Amino acid sequence: MDSALTSVGLPIALAIIMFGLGLSLTVDDFRRIGRDPKPVVIALGAQLVILPAICFGLVTAFGLDPLLAVGMMLLAASPGGTTANLFSHLFRGDVALNVTLTAVNSVIAVATLPLVVNLSVAYFDPQGAGDVGLQLGKTLQVFAIVLVPVAIGMVVRRSRPGFADRADKPIRIASAVVLALVIGGALLAERENLADYLADIGVVATVFCATSLALGYLLPRLAGVDERQSLSSAFEVGIHNSTLAIAVAISVLDSEALAVPAAVYGILMFPLAVAAGFTIRRLPHGAGRRVPADS
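Basis of the calculations
Residues numbered from 1 in each chain as written. Predicted model: local features only at pLDDT ≥ 70, side-chain atom pairs only at ≥ 80, totals over all residues. Heavy atoms only, no water. Helix = DSSP H or I, 4+ residues; strand = E, 2+ residues; numbered from the N terminus. Buried < 20%, exposed > 50% of the residue type's maximum accessible area, 1.4 Å probe, protein only. Contact = heavy atoms within 4.5 Å. Areas by Shrake-Rupley, 256 points an atom, 1.4 Å probe, with all protein chains shown as cover. Axes fitted to C-alpha atoms, helices over the stretch in contact; angles between N-to-C directions. Parallel < 35°, antiparallel > 145°, perpendicular 65-115°, else oblique. Left-handed = near helix turned anticlockwise from the far one by under 90°. Salt bridge = Lys/Arg side-chain N within 4 Å of Asp/Glu carboxyl O. Phe/Tyr/Trp six-rings, centres within 6.5 Å; stacked < 30°, edge-to-face > 60°. Patch = residues over 30% accessible without salt bridge, like charges linked within 9 Å, V, L, I, M, F, W, Y side chains within 5 Å. Expected span 1.5 Å × (residues − 1). Polar contact = N/O pair within 3.5 Å; in protein donor to acceptor, adjacent residues only side chain to side chain. Core = buried A, V, L, I, M, F, W, Y, C linked by side-chain atoms within 4.5 Å. pLDDT = per-residue confidence, 0-100.

**Student:** Explain the overall build of the protein to me, and be specific about the residues and the numbers.
**Tutor:** Helix and strand counts for the protein stand at 13 helices and zero strands. For the protein, the proportion of its 295 residues judged to be buried stands at 53%. Contacts in the protein between residues far apart in sequence, at least 24 positions, make up 82% of those at least 6 positions apart. If you sum the accessible surface of the protein, you get close to 12,600 Å²; carbon and sulfur atoms cover 66% of it.

Structure representation (structure tokens):
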């Protein structure tokens, strides 16, 4: 992949996406945890603890190449993103819960993502492992590309709410375009190995995504969380910020191969999320049965 794209374009593109996320956030989104902690705690527990464990089991069971295994673990450690908010809106979930989960998990991921990646590198020991880990300097890069643009977006939201509202739709559209370009670029960079990678990663990514969506819905429902919030949890847990994972893999860790799992996942998650949304809404007591038409 062209060096200018990886060193400049990709971080800027991700910064725009994270800035757009910040434009939709307020301090009250974080305060909401104290008022209604159960769905937030359950979803975060699934994202931070259960999903990495499931992903580790999958990559081990399928015997993935060590570099691809680390790439899958990087994806599993990545938080949800604005795409989860979009799906929650389309299927009438609790979008406010998605916003809160995305905000909180993005902050926590600054610590958990390097931890998961470094543990994965130590266990799978891919070729060139010394250059793959997220040491302090690279961890600071993750902090910069995740939290700084979000914080700037929140400041703009607070000082100029009208601008934030007007910019929401254009930035969402730009985010979707950027996601497509990033996925395409990552796959193009590894085109010579793409067929082998797809054969190795396709099944694992599909199973991981489907399991994440199901887990994100079933865990809250079993804990007594209402249907709308459980639907939102399904999308938040099942739809990872693949753009962030790709950016960390390429711009921070300088490895296109590490980005392949996130790129493949970024393609597969859309039809799987649509299928999950329609399936959940058609359950006997599904989310779509009890949500007002104007919600």
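**Student:** Explain the packing of helix H12 (residues 242–252) against helix H13 (residues 256–281) residue by residue, including any values.
**Tutor:** The geometry of H12 relative to H13 is characterised by a closest axis approach of 8 Å and an angle of 170° between their N-to-C directions. With respect to each other, H12 and H13 are oriented roughly antiparallel. Here H12 runs over H13; the crossing is left-handed. The segment H12 lies against H13, with Ser242, Ala245, Ile246, Ala249 and Ile250 engaging Glu256, Leu258, Ala259, Ala262, Ala263, Gly266 and Met269.

**Student:** Describe in detail the pattern of salt bridges, supporting the description with residues and values.
**Tutor:** Taken as a whole and judged by the stated rule, the model has two salt bridges. Across the pair Arg157 and Asp165 runs a salt bridge, and its minimum N-O distance is 2.8 Å. In this structure Arg157 comes out as partly exposed when scored by relative accessible area, which is 24%. In this structure, the salt-bridge partner of Glu227 is Arg221, at a minimum N-O distance of 3.5 Å. Looking at Glu227, the relative accessible area reads 5%, which means it is buried.

**Student:** Just give me the short version of the packing of aromatic side chains, but keep the residues and values in it.
**Tutor:** Scanning the entire structure with this criterion turns up eight aromatic pairs. One aromatic cluster is present, built from ring pairs that chain together Phe87, Phe91, Phe235, Phe270 and Phe278.

**Student:** Before we move on, could you go through a nonpolar patch on the surface and cite the residues and values that matter?
**Tutor:** Residues Phe62, Val203 and Val207 make up a contiguous nonpolar surface patch of about 240 Å² in total accessible area. Positionally, Phe62 belongs in the loop between helix H3 (37–61) and helix H4 (66–77). Residue classification places Phe62 among the partly exposed positions, given a relative accessible area of 43%.

**Student:** For H4, give the residues involved together with the corresponding values.
**Tutor:** With twelve residues, H4 extends 17 Å between its outermost C-alpha atoms, agreeing within 8% with the 16 Å of an ideal straight helix rising 1.5 Å per residue. Burial runs high along H4: eleven of the twelve residues are buried. Among the residues making up H4, those that are buried are Leu67, Leu68, Ala69, Val70, Gly71, Met72, Met73, Leu74, Leu75, Ala76 and Ala77. With a side-chain oxygen positioned 3.0 Å from the backbone nitrogen of Leu67, the residue opening H4 is Asp65.

**Student:** Break down the nonpolar core for me, with residues and values.
**Tutor:** Counting 73 residues, the largest nonpolar core has Val59, Met72, Phe208 and Phe235 as the members making the most contacts within it. In contact with Met72, other than residues within four places in its own chain, are Cys55, Val59, Leu64, Ile201, Val204, Ala205, Phe208 and Pro261.

**Student:** Go over the environment of Pro66, please, and point to the residues and values.
**Tutor:** Relative to the helices and strands, Pro66 resides in helix H4. Note: C-alpha distance between Pro66 and Tyr123 (57 residues apart in sequence) is 9.0 Å. Each residue touching Pro66, except ones within four places of it in the same chain, is listed here: Phe124, Asp125 and Pro126.

**Student:** So what's going on with the side chain of Ser78? Which residues, and what values?
**Tutor:** Tracing the chain through its elements places Ser78 in the loop between H4 and helix H5 (82–90). Setting aside its immediate chain neighbours within four residues, Ser78 contacts Leu113, His240, Asn241 and Ala245.

**Student:** Report on the packing of helix H6 (residues 95–124) against helix H11 (residues 227–238), specifying residues and quantitative values.
**Tutor:** At a closest axis distance of 9 Å, the pairing of H6 and H11 adopts a crossing angle of 40°. With respect to their mutual orientation, H6 and H11 come out oblique. H6 and H11 meet at a crossing whose hand is right-handed. Together, Val95, Leu97, Asn98, Leu101 and Thr102 of H6 and Gln229, Ser232 and Glu236 of H11 make up the contact between the two elements.

**Student:** Report on the confidence of the model for the protein, specifying residues and quantitative values.
**Tutor:** The predicted model of the protein has a mean per-residue pLDDT of 79, with 80% of residues at 70 or higher. When the criterion is pLDDT under 50, residues 286–295 qualifies, and its contacts beyond four places in sequence or with other chains add up to 19 contacts.

**Student:** Requested: an account of the environment of Pro170, with residues and values cited.
**Tutor:** Relative to the assigned elements, Pro170 resides in helix H9 (residues 161–189). For the pair Pro170 and Gly20, spaced 150 residues apart in sequence, the C-alpha separation works out to 9.3 Å.

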